[in-house]
Amino acid sequence: MKKKIIRNTLVIITLVMLVTFSAVTAIMYNHAVNVLMRTVADETRMIQIAVEHNGSDFLKHVNLSGESQRITLIDPKGNIIYDTDVDEDAMGSHAERPEFIQALNEGVGKSLRDSDTLAKRVFYYAILMEDGNVLRVSNTIDSIYALMYDMIPHLLTLVVVIVILSVIVIRRETDRMIRPINEINLDHPLEESTYEELQPLLNRMDIQNKRIHSQMEELKAAEGMRREFSANVSHELKTPLMAISGYAEIISCNMVRFEDIPEFAGRIHKEATRMTQLIEDIIHLS
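Turning next to the overall build of the protein chain. If you tally the helices and strands in the protein chain, you get six helices and five strands. Along the chain direction, N to C, the helices and strands of the protein chain fall in the order α-α-β-β-α-β-β-β-α-α-α. Taken across its 286 residues, the protein chain has 26% of its residues classed as buried. A separation of at least 24 residues holds for 47% of the contacts in the protein chain among residues at least 6 apart in sequence. Per element, the accessible surface of the protein chain, about 19500 Å² overall, is 59% carbon and sulfur.

As structure tokens, this is what we get:
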């Protein structure tokens, strides 16, 4: 029972931890992506203001890209005017890119997808500027995945620590829970208060004990009757047997007159008949 309680509790704790960590990871991931999207959108608007105020050459003379940030300027036909990471001549048309099409139609476009150029998962945010060009700023989310992978060793360590502590606490609590059960007075189960859930079982144990006690009293009484019966039978059989033995011994020793032999034989026959009747009664009783 103890091992089963510990095993089932550990399984439940492990499942709860896995579900909790999965939920927390998903929440953290969604939160990080939302923060990244807002940050990229704010940066795009600030760069838009700077480019519209200083011209597109502003991007070529000022380094605005971060470690994972990419800035792209696209003309209305989808041709690349400027890109911080890749040579414009080496890039194809962006006319089919969803964020570009959305920006042309709605003024603002955004997309989260795998980049064919950078071979990474990237969030794109595009804004249609006054001159008809589209300014697009993107940022990879590989750093978020890296953060998750970096968390795995710490999460595994935390799981191991929680499991060890859980085993210690569960064993202690299980011993405390089972101790009253092990200390139940089997002869008088109702004398000590235990768990309410065990009360029906203790009531049945008490009833069973009373039945056993009653049966033992009956067995003792029956044993007394048996002994009394055996003593009475022994006494009743001994009396005629002694008489038969005495008469037979007198006859065998020629201590009786010839004319008295029939009388002695009659007494022997009488006592033998009495013994036979006693034996038949015993057999019938048994």
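This next bit is on a nonpolar patch on the surface. A cluster of nonpolar side chains, Val160, Val161, Ile164, Leu165, Ile168 and Val169, forms an exposed patch at the surface whose accessible area comes to about 510 Å². Inspection of the secondary structure assignment puts Val160 in helix α4 (residues 142–182).

For the rest of this paragraph, the subject is the pattern of salt bridges. For the structure on display, the rule yields seven salt bridges. The partner of Asp42 in a salt bridge is Arg45, and the shortest N-O contact between them spans 3.4 Å. You can see Asp42 and its partner Arg45 sitting in helix α1 (residues 2–54), three residues apart, about one turn around the helix. The class for Asp42 is partly exposed, based on a relative accessible area of 43%. According to the relative accessible area criterion, Arg45 is partly exposed, its value standing at 38%. A salt bridge links Glu99 to Arg136, with the nearest nitrogen and oxygen atoms 2.7 Å apart. With Glu99 in helix α3 (residues 98–106) and Arg136 in strand β5 (residues 134–140), the pair connects residues that are 37 residues apart, well separated along the chain. One exposure class covers both Glu99 and Arg136, and it is buried. Residues participating in the shared-partner salt-bridge network are Glu223, Arg226 and Arg227.

Confidence in the prediction for the protein chain averages 79 pLDDT; 89% of positions are at 70 or higher. Element-level mean pLDDT values for the protein chain span from 72 in helix α2 (residues 57–61) up to 90 in α3.

Below, the discussion takes up α3. Inspection of α3 places Glu99, Phe100 and Ala103 among the buried residues, and these make up the whole buried set. Taken end-on, α3 shows its buried residues confined to a sector of 105°, consistent with a single buried face. Exposed positions of α3 whose direction lies more than 90 degrees from the buried face are Asn105 and Glu106. Just downstream of α3 lies Gly107, where phi reads positive at about 95°.

Attention now moves to the environment of Ile5. You can see Ile5 is positioned in helix α1. For the pair Ile5 and Thr174, spaced 169 residues apart in the sequence, the C-alpha separation amounts to 7.6 Å.

Over its 25 residues, helix α6 (residues 261–285) runs 36 Å from end to end, which matches the ideal 36 Å to within 8%, given 1.5 Å per residue. For α6, the set of buried residues is Phe264, Glu271, Met275 and Leu278. Looking at the packing, one finds that the buried side of α6 touches α5 (199–252).

Ile47, Leu59 and Leu135 are the most contacted members of the largest nonpolar core, which has 20 residues in total. Secondary structure elements with two or more residues in this core: α1, α2, β1 (69–74), β4 (121–128) and β5. Of the residues forming this core, the biggest block, eight residues, is contributed by α1. Of all hydrophobic cores here, the second largest spans eight residues; its members include Ile74, Met91, Ala126 and Val134.

Counting buried positions along β4 yields six of eight residues, so the element is predominantly enclosed. Judged from the seven bridges that link them, β4 and β5 form a sheet pairing that is antiparallel. Bridge assignment links Phe123 to a residue of β5, and that residue is Asn139. Taking the residues that link successive antiparallel strands as the turn, the β4-β5 hairpin has five residues, and the phi of Gly132 there is positive, at about 95°.

Rules used throughout
- Counting from 1, residues in each chain are numbered in the order their sequence is written.
- pLDDT decides what is reported in this predicted model: residues at 70 or higher carry local features, side-chain atom pairs at 80 or more are listed and counted, and totals for whole chains, interfaces and linings draw on all residues regardless.
- The side-chain values count all of the structure's non-hydrogen atoms but skip hydrogen atoms and water molecules.
- For the purposes of this entry, the term helix denotes a DSSP run of H or I that reaches at least four residues, the term strand denotes a run of E that reaches at least two, and both are numbered from the N terminus.
- Accessible area is worked out with a 1.4 Å probe on protein chains only. A residue is then buried under 20% of its type maximum, exposed over 50%, and partly exposed in between.
- Whether two residues are in contact is decided by their heavy atoms: any pair within 4.5 Å suffices.
- Throughout, the Shrake-Rupley method with a 1.4 Å probe supplies accessible areas, and for residues the shown protein chains are the sole cover considered.
- Like charges within 9 Å and nonpolar side chains (Val, Leu, Ile, Met, Phe, Trp, Tyr) within 5 Å are joined into patches, using only residues over 30% in relative accessible area that form no salt bridge.
- Definition used for salt bridges: Asp or Glu carboxyl oxygen within 4 Å of a side-chain nitrogen of Lys or Arg.
- Confidence per residue, as judged by the predictor, is encoded in pLDDT with a range of 0 to 100.
- It is the directions from the helix axis to the C-beta atoms that the arc portrays.
- Under the convention used throughout, the expected extent of a helix is 1.5 Å for every residue step, that is, one less than its residue count.
- In plain words, nonpolar cores are sets of buried Ala, Val, Leu, Ile, Met, Phe, Trp, Tyr and Cys residues tied together by side-chain atoms within 4.5 Å.
- Paired strands, as defined in this entry, are two strands with at least two bridges between them according to DSSP.

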